[in-house]
Amino acid sequence: MKKIYLLAIAGITVLLASCGHGGQGELVGAYNRKFRNNRIPLGMVYIPPGHTPLGGSDEDITFSQNGPSRMTTIPAFFMDQTEISNAEYRQFTNWVRDSIAIAMMGNPQQFMITPRGNAAAAVGGERYIDWRKVGTNGVNIWRNRGRNGAGAQASQLDGMYYSGLDALPGKKELDVRKFEYTYAELNMDKAALGHKDPNSKRQDYIDRYTVAIYPDTMVWKTDYSYSMNDPMVRAYYNHPSYDDYPVVGVSWEQAKAFSHWRTRLYDGVAAARRMPVGSRSDYRLPAETEFEYAARGGNTKTKYPWGGPYIRNTKGCLQANFKPGRGDYSSDGGIYTVGVRSYFPNDYGLYNMAGNVSEWTITAYNKGAAPLLHDLSPNFTYDAGPNDSKYKKRKVVKGGSWKDTGYFLQNAVSTYEYQDTQRSYIGFRCVSSYPGTDLRN
């Protein structure tokens, strides 16, 4: 009788095991949490996958011959519908400003989300600022400055302002040199080369940065000799009239820092809402080929983003913001930059893929790299260090700007600028890879 009882227990154990995660001993897979994968990020458009000839031009006034036409396949991705505006970039600078201020106040705990707190946005044990406690764009911190009961806070924030001989008499101005953003990212190129080395460590492939992120507003003076651009220096980034104009005076390094911050901003909210970590691919700068592919709007071998071979439409109106002729900046409707939604979008719904401001790409400028590039999502990157040669700091710039002639508005034309340089005619927009094959399937 005792043996029968033991056999019965053993039988029940086997039965329970077969009904568990093992699927009766069959391979059933360990699936990640499902989520909707068809949501287009706010302010972006979906660029479907496809293949098309990229590069080449019927006009090569510089005789560079560095963009041979080749059939290329590009995976799906999301792209900002417009260039990043002053208002959007100001959200970044305000976030950095307020984060530094909270740390300087000496008691940041009152503004933090704790791991056990309300909607804990803790990823990997990290703790985040609860911006609902701070107030929209830090209004509560700065509004309470100097009021009754806020004296300690006022003195704690004095270090955020210009002082001594750096301060203008009678003015209390924030010292924007203190607006630094620190982040780290895994360098895939380094990891691909050394990850099989048994002596290597993961930290060998992690790049760490501290970037001063406030735009250089003086570019409106330094880019031009003997030109009365002082009003643009004072107003362009801060006056409400320019909120929806493209941000300029931002280097490639600053644009990369913005992309990283934008990713973390979304990840923090996603974690608070208990969405899967990595439910959206990281924001980044587009590759040169992605930019050209998107600029063509699904058309083949078109000269300009609007599809036609001419820079004017059938009514004779100019179709972008550029320099139509010598000394003529106004015939297209804008003297400097114009709003990010000016002119008609291309067939993908993207605005100003030519003209207004040139745009940074993630691609390093190297004329010798073209023959080596793969025909599937080609790209060549190199993140130069501060001690590298200036030639290694060149990054591809696309689209042409408000101060360029029409030649530079062509889809296939590329120029370059140094990654640590700010210009009054270079801005950027972000992309995010689509995690799948095609949103439409």
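Counting starts from 1 at the beginning of each chain's written sequence and moves along it residue by residue. Local features in this predicted model are restricted to residues of pLDDT 70 or higher, and side-chain atom pairs are both shown and tallied only at a pLDDT of 80 or more, whereas totals for entire chains, interfaces and linings draw on every residue. Hydrogens and water are ignored here; the side-chain numbers use all heavy atoms of the structure.

An unreviewed UniProt entry lists the protein under the name Gliding motility-associated lipoprotein, with Pedobacter chinensis given as the organism.

Attention now moves to the overall build of the protein. In terms of helices and strands, the protein carries 10 helices and 14 strands. Buried residues in the protein amount to 42% of all 441 residues. Counted over contacts in the protein with a minimum sequence separation of 6, partners at least 24 positions apart contribute 70%. When the accessible area of the protein is evaluated, it comes to approximately 24,800 Å², of which 53% is carbon and sulfur surface. The helix and strand labels rest on DSSP assignments: H or I over at least four residues marks a helix, E over at least two residues marks a strand, and numbering proceeds from the N terminus. Buried means the residue's accessible area, taken with a 1.4 Å probe over protein chains only, is under 20% of the maximum for its type, while exposed means over 50%, and partly exposed covers the values in between. Whether two residues are in contact is decided by their heavy atoms: any pair within 4.5 Å suffices. For every accessible area listed, the method is Shrake-Rupley and the probe measures 1.4 Å; residues are considered covered only by the protein chains on display.

Counting 52 residues, the largest nonpolar core has Tyr89, Phe92, Ile213 and Phe428 as its most contacted members. Elements represented by at least two residues in this core include exactly strand E1 (44–47), helix H2 (86–104), strand E7 (180–186), strand E8 (206–212), helix H7 (219–222), helix H8 (230–235), helix H9 (252–272) and strand E10 (358–364). If one sorts the elements of this core by residue count, H2 sits on top with six residues. Residue ranges for the domains originate in an automatic or database domain assignment. Counting contributing residues, this core receives three or more from each of domain 1 (50–85 + 214–440) and domain 2 (86–112 + 127–178). With near-sequence residues (within four places) excluded, Phe428 lies in contact with Glu83, Ile84, Tyr89, Val247, Val250, Ala255, Phe258, Leu285, Glu359 and Trp360. What is meant by a nonpolar core is a set of buried Ala, Val, Leu, Ile, Met, Phe, Trp, Tyr and Cys residues, joined one to another through side-chain atoms within 4.5 Å.

Once that is clear, we can look at the sheet that holds strand E11 (residues 394–398). Pairing between strands is defined by DSSP: at least two bridges between the two strands are required. The strand order across the open sheet built from four strands is E12-E11-E10-E13, with neighbouring strands paired in mixed fashion. Each edge of the sheet is formed by a strand with only one pairing partner; in this case those strands are strand E12 (414–418) and strand E13 (426–427). As defined by bridge partners, E10 adjoins E11 across three bridges and the pair is classed as antiparallel. The residue of E11 that forms the bridge with Ala364 is Lys395. On top of the sheet, helix H10 (residues 288–295) reaches E10, E11 and E12; it is set at about 5 degrees to E11, its chief contact. For every element, the axis is a line fit to its C-alpha atoms; helices are fit only across the contacting stretch, and the angle between N-to-C directions ranges from 0 to 180 degrees.

Here we come to the sheet that holds strand E9 (residues 283–284). If you trace the four strands from one edge of the open sheet to the other, you get E1-E4-E14-E9, paired in antiparallel fashion. A strand with exactly one partner marks an edge of an open sheet, and here the two such strands are E1 and E9. Examined bridge by bridge, strand E4 (residues 77–80) and strand E14 (residues 431–433) share three bridges and lie antiparallel to one another. Pairing of Phe77 across the sheet is with Ser433, part of E14. Contacts between H10 and the sheet are confined to E1, E4, E9 and E14, with E4 contributing the most and set at about 75 degrees to the helix.

When you tally the buried positions in H10, you get seven out of eight residues, the bulk of the element. Looking at H10, one finds that the buried residues are Thr289, Glu290, Phe291, Glu292, Tyr293, Ala294 and Ala295. Looking one or two residues past H10, Gly297 carries a phi angle of roughly 65 degrees, positive in sign.

For Lys301, which is not a glycine, the phi torsion comes out positive at approximately 55 degrees. By the secondary structure assignment, Lys301 is in the loop between H10 and E10. Judged by its relative accessible area of 40%, Lys301 falls in the partly exposed class. The phi angle at Ser377 is positive, at roughly 45 degrees, despite the residue not being glycine.

Okay, the side chain of Glu417 next. You can see Glu417 is positioned in strand E12. Whenever two N or O atoms come within 3.5 Å, that pair is a polar contact, provided that in protein one can donate a hydrogen and the other can accept it, and provided that, for residues adjacent in sequence, both atoms are side-chain atoms. One polar contact links Glu417 to Arg423, side chain to side chain, over a distance of 3.1 Å. With residues near it in sequence (within four places) discarded, Glu417 still touches Trp360, Lys393, Arg394, Lys395, Val397, Arg423, Tyr425 and Ile426.

The next subject is the packing of aromatic side chains. Aromatic pairs are defined between Phe, Tyr and Trp rings, using the six-membered ring for Trp, whenever the two ring centres lie within 6.5 Å; interplanar angles under 30 degrees are classed as stacked, those over 60 as edge-to-face, and all others as tilted. As enumerated under the stated definition, the model contains 31 aromatic pairs in all. Each ring, one from Phe258 and one from Phe428, has its centre 5.3 Å from the other, and the planes form 75 degrees; the classification is edge-to-face. A residue pair is termed long-range when its members are at least 10 positions apart, and Phe258 in helix H9 and Phe428 in the loop between E13 and E14 qualify at 170 residues. Among the residues examined, Phe428 registers a relative accessible area of 0% and is labelled buried. One aromatic cluster is present, built from ring pairs that chain together Tyr89, Phe92, Trp95, Phe179, Tyr181, Tyr183, Tyr209, Tyr214, Tyr237, Phe258, Trp261 and Phe428.

Okay, the side chain of Asn321 next. Topologically, Asn321 is positioned in the loop between H10 and E10. Looking at Asn321, the relative accessible area reads 0%, which means it is buried. For Asn321, the side chain forms a polar contact with the main-chain oxygen of Tyr336, separated by 2.9 Å. Ignoring anything within four residues of it in the chain, the contact list for Asn321 reads Asp332, Gly334, Tyr336, Thr337, Val338, Tyr343, Gly355, Asn356, Ser401 and Trp402.

The next subject is the environment of Gln203. Inspection of the secondary structure assignment puts Gln203 in the loop between helix H6 (188–194) and E8. Taking the C-alpha atoms as reference, Gln203 lies 8.6 Å from Leu186; in sequence the two are 17 residues apart.

Time to look at the confidence of the model for the protein. Here the protein averages 84 in pLDDT, and 80% of its residues register 70 or above. As a per-residue quantity, pLDDT reports the predictor's confidence and falls between 0 and 100. Across the protein, the element-wise mean pLDDT spans from 47 in helix H1 (residues 2–18) up to 98 in E13. The low-confidence segment residues 4–10 (pLDDT under 50) makes zero contacts with residues lying over four places distant or belonging to another chain. Every residue in residues 145–152 is under pLDDT 50, and counting partners more than four places away or in other chains gives eight contacts.

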